[in-house]
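Residue strings, one per chain:
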Amino acid sequence: MKKKYYPYFIFLLIAIGIEVFLCNWRFWESLSFPHAKPGYQVSIAGNLMPDDPEFPEQELQVIRFKNLHQNLQNIKINLLCEGNGCPASLPLQISFSDDGRSQMSYKGEHTYFQNLKQTQYIRIHAYGNVKDLHISFTNPEDARYTLLSIEINAIRPLIFQPLRLFILFIFSVIVYTAYHHRDFFISAYSGSFVKRRRIVLSAALLHILLFVSVLFSNPFFWQKTAYPHPQEYHYLAEALAQGQVSLLVEPSEELKQLTNPYDNSLRYREDVYYFWDFAYYEGKYYVYFGIGPELVFYLPYFLMTGNHLPNPIPIMISEIFFILGIFLFIEEIVSRYYQRKVPLGLSLLLSSIAVLGCGAFFIARRPDIYSVPIMMALALTLWGWLFWIRARRPDHTLKIKNLLIGSSCMAFVAACRPQLILGSFLALLFFSPELKNLKKRQNQKYLILALLPFFVVAAGLMFYNWTRFDSPFDFGSNYNLTTNDMTRRGFVFDRFFTGIFTYLFQLPNIQTTFPYLQYVSFETNYIGEITRESTTGGLLSCNPILYFAFLLPLLKKNKNKNQNLIYFPIAFLITGILIMFFDIQGAGLLQRYFSDFALFIFMGTIVILFSLYTQTNRLEVKKILFYSTLVLCLISFLYNLSLFLLPDADNIALTNPQLYSQVFSLFH
């Protein structure tokens, strides 16, 4: 064997050792358990085992152990579930009495998977000998359970997981390779431009494969539904195909007769049928979501096929362009403003964490209709910035083609997610030399061409809004039939306190049980209506790499032509904060709304890190900065990847139990 392969052979041996001894330590532990003593009884609903192993038809099922009086270390339980209501996982509640507590008391919960052998073993930690023990669970509807076997102090088998072994091996190889080529992360890249571009695109492709896999992991969002709610764009496609902006479906007469149709309690009290979260205005239904995705995806598909496009498809296309946009835009920043002095490994690391941290991963795991306009607007924003930067030539002339494409992308953002149009004001930095010399006729020409797409899109949107809501500036978001009367929401300063804490500083809710990350509780002394859904923690708290934004005062002005680069992070951060303020007042506190402003916060922080790295010549400082960045990025990676398993509605534990159980088995 060649010497260069020795490290990989050693890594394989180490991975096997971890798999056999560390990941299977419960097997080695169980070898020392005492033999079970006879004389105890096991019963189901008063029937002793094994006389009648079937559970009765009742909601609460209990397995009772009596007269144990012995050192109990574990219980092996084998359940068989039959019927259409069998769940992927079954929570078992464990209660027992021991030498430390003579009365039966609840001790904890164990998750049981019928297809995972390791979950048949329940580890017990008692004070001395266990006297009596109960295992209870709630019997789901249309499910019939049978207790096939039960055993105490059983030897747990050694379960070898090839996938876990492979992950351990690949992880060790990645760590070794990264350490062996650590100069790639600390020193400027010296390879050719072509090779550099291939590395960037390869890194983007890996992220695209991850996101596409996640998009296809939850079959629920790919299925057709009879409910109107996820089909707003489908209804709009049918209406536009008939030449009208109001939907073809007619609201119920009961809804039309309500004194305030936007009062959710009134609709409920009067038992009025209505389309949830559709815009309702003067007796007609409308779609308040941005029309951009409709014109690009849904309407053309409907006109060509007569069928409706599943919502995950536009999200998948948008996320592909979003990921490419992140990597290419950051690469363009490094090339044009830092002359590629930023290590390529560092820029790829920060590009990766930006892709995951901007909320796109959460959207990939839950690709519902609400995320379609958000994801498309983010992709357009990135490509607009990219073409704007690429429009500039060294001689201060502009490429007309790139200028028009960039402006078209940025203008069309308003047709998707109007608040993200604030990102267009970064043009004041991108084109500051041209704007400072507007006396030149050539620069005036550039300005007119850059603004032309904005005028065209604005005119179209104003006409569309006026046709629907009798106002060119009314996008209709306040007319949606939702949990509260949005027409009366208004501006309340006190909302900022709760909103800023929730969006930026709320700590994540991390538990010791799988899937470890849970939604946080929501407590506020704000007395009034506040729109919110469950969130997982603040952007800064869950992505600590963003705390580098507070190092902004350490930046120094460059003495070269790029001295205005110091204003880039300021502009990014302020824009993100303004969008966050808009969401707090105009929308609410929702997990997907993090994507509206997270991109700007990440970009501002990344520029700060690049500037800090390039303004110092001391290698020791660069190493400290890089390793600090690496550690904080790893924390962000773990957090964002954990979003995949969030226990919310329509999660993969319910919609793809086989995949969920496979992931569960990697940690047990």
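Quick caveat, the model's predicted, so the values are computed rather than measured. (Residues numbered from 1 in each chain as written. Predicted model: local features only at pLDDT ≥ 70, side-chain atom pairs only at ≥ 80, totals over all residues. Heavy atoms only, no water.)

### A closer look at the overall build of the protein chain
The helix and strand tally for the protein chain stands at 23 helices and 13 strands. Each of the three principal axes of the protein chain carries a C-alpha extent, and together these read 100 × 80 × 50 Å. Looking at the protein chain alone, contacts between residues at least 24 apart form 78% of all its contacts between residues at least 6 apart. Accessible surface, the protein chain: about 32,500 Å² in total, of which carbon and sulfur atoms supply 61%. (Helix = DSSP H or I, 4+ residues; strand = E, 2+ residues; numbered from the N terminus. Contact = heavy atoms within 4.5 Å. Areas by Shrake-Rupley, 256 points an atom, 1.4 Å probe, with all protein chains shown as cover.)

### Points about the sheet that holds strand 2 (residues 47–48)
Here we have six strands laid out as an open sheet, ordered 2-1-3-8-5-6, and antiparallel in their pairing. Each end of this open sheet is capped by a strand with a single partner; those strands are strand 2 and strand 6 (101–112). The sheet contact formed by strand 1 (residues 41–44) and strand 2 spans two bridges and is antiparallel. Looking at the pairing, Ile44 lines up with Asn47 of strand 2. (Pairing = 2+ DSSP bridges.)

### Some points on the state of the cysteines
On inspection of all chains with the given rule, the structure shows one disulfide. Paired through a disulfide, Cys81 and Cys86 show a sulfur-sulfur distance of 2.1 Å. For the disulfide bridge between Cys81 and Cys86, the dihedral angle about the S-S bond is near -95°, and by the sign convention the bridge is left-handed. (Disulfide = S-S within 2.5 Å.)

### Observations regarding the packing of helix 10 (residues 312–337) against helix 11 (residues 344–365)
Axes are the key here: two packed helices are described by the angle between their axes and the distance separating the axes. Contact geometry for helix 10 and helix 11: axes closest at 10 Å, N-to-C directions at 155°. In terms of their interaxial angle, helix 10 and helix 11 are classed as roughly antiparallel. By crossing handedness, the relation of helix 10 to helix 11 is classed as right-handed. Residues Ile315, Glu319, Phe322, Ile323, Ile326, Phe327, Ile330, Glu331 and Val334 of helix 10 lie in contact with helix 11, whose contacting residues are Leu344, Ser347, Leu348, Ser351, Ser352, Ala354, Val355, Cys358, Ala360, Ile363 and Ala364. When grouped by side-chain class, the residues that make up the contact of helix 10 with helix 11 number 15 nonpolar, three polar and two charged. (Axes fitted to C-alpha atoms, helices over the stretch in contact; angles between N-to-C directions. Parallel < 35°, antiparallel > 145°, perpendicular 65-115°, else oblique. Left-handed = near helix turned anticlockwise from the far one by under 90°. Nonpolar A, V, L, I, M, F, W, Y, C, P; charged D, E, K, R; others polar.)

### Structural notes on empty space enclosed by the protein
Applying the stated criterion to the full structure yields three cavities of 30 Å³ or more. There is about 90 Å³ of room inside the largest cavity. Along the wall of the largest cavity there are 14 residues; nearest its centre are Gly357, Asn543, Gln591, Tyr639 and Asn640. Those elements giving two or more residues to the lining of the largest cavity turn out to be helix 11, helix 18 (539–542) and helix 21 (619–642). At four residues, helix 11 tops the list of elements feeding residues into the lining of the largest cavity. Residues of the lining of the largest cavity, tallied by class, amount to seven nonpolar, seven polar and no charged. The wall of the second largest cavity is formed by Cys23, Asn24, Arg26, Phe27, Gln118, Arg156, Pro157, Ile159, Gln161, Arg164 and His668. Considering only residue class, the lining of the second largest cavity consists of four nonpolar, four polar and three charged. (1 Å grid on protein atoms, 1.4 Å probe; cavity = no way out; pocket = protein on both sides within 12 Å on 5 of 7 lines; lining within 4 Å. Points joined across faces, edges and corners; volume = space filled by probe spheres on them.)

### Considering helix 9 (residues 292–305)
Taking 1.5 Å of rise per residue, 14 residues should cover 20 Å, and helix 9 covers 20 Å from first to last C-alpha, within 8% of that figure. Considered for burial, the residues of helix 9 that qualify are Gly292, Pro293, Glu294, Phe297, Tyr298, Leu299 and Phe302. Residues of helix 9 that are buried sit in contact with helix 6 (232–241), helix 10, helix 12 (371–390) and helix 13 (400–412). (Expected span 1.5 Å × (residues − 1). Buried < 20%, exposed > 50% of the residue type's maximum accessible area, 1.4 Å probe, protein only.)

### Remarks on the nonpolar core
With 167 residues, the main nonpolar core has Phe322, Trp385 and Phe430 as its most contacted residues. When residues no more than four places from it in sequence are discounted, the contact partners of Phe322 are Val355, Cys358, Ala360, Met375, Leu378, Ala379 and Leu382. Core analysis: the second largest hydrophobic core is formed by 27 residues, Phe65, Ile75, Leu90 and Ile124 among them. (Core = buried A, V, L, I, M, F, W, Y, C linked by side-chain atoms within 4.5 Å.)

### Observations regarding a nonpolar patch on the surface
A surface patch of nonpolar side chains, amounting to about 1,100 Å² of accessible area, comprises Phe9, Ile10, Leu12, Leu13, Ile14, Ile16, Phe21, Trp28, Leu31, Ile155, Leu158 and Phe160. With seven residues, the top contributor of residues to the nonpolar patch is helix 1 (residues 6–22). By secondary structure assignment, the location of Trp28 is in helix 2 (residues 25–30). Of the residues examined, Trp28 reaches a relative accessible area of 37% and is grouped as partly exposed. (Patch = residues over 30% accessible without salt bridge, like charges linked within 9 Å, V, L, I, M, F, W, Y side chains within 5 Å. Salt bridge = Lys/Arg side-chain N within 4 Å of Asp/Glu carboxyl O.)

### What about the pairing of strand 8 (residues 130–138)?
Both strand 3 (residues 60–66) and strand 8 contribute to a ladder of six bridges, which runs antiparallel. Each residue of the ladder has a partner; that of Arg64, found in strand 8, is His134. Across five bridges, the pairing between strand 5 (residues 90–98) and strand 8 is antiparallel. Of the residues in strand 8, the one forming a bridge with Phe96 is Leu133.

Taken by themselves, the reported measurements are silent on function.
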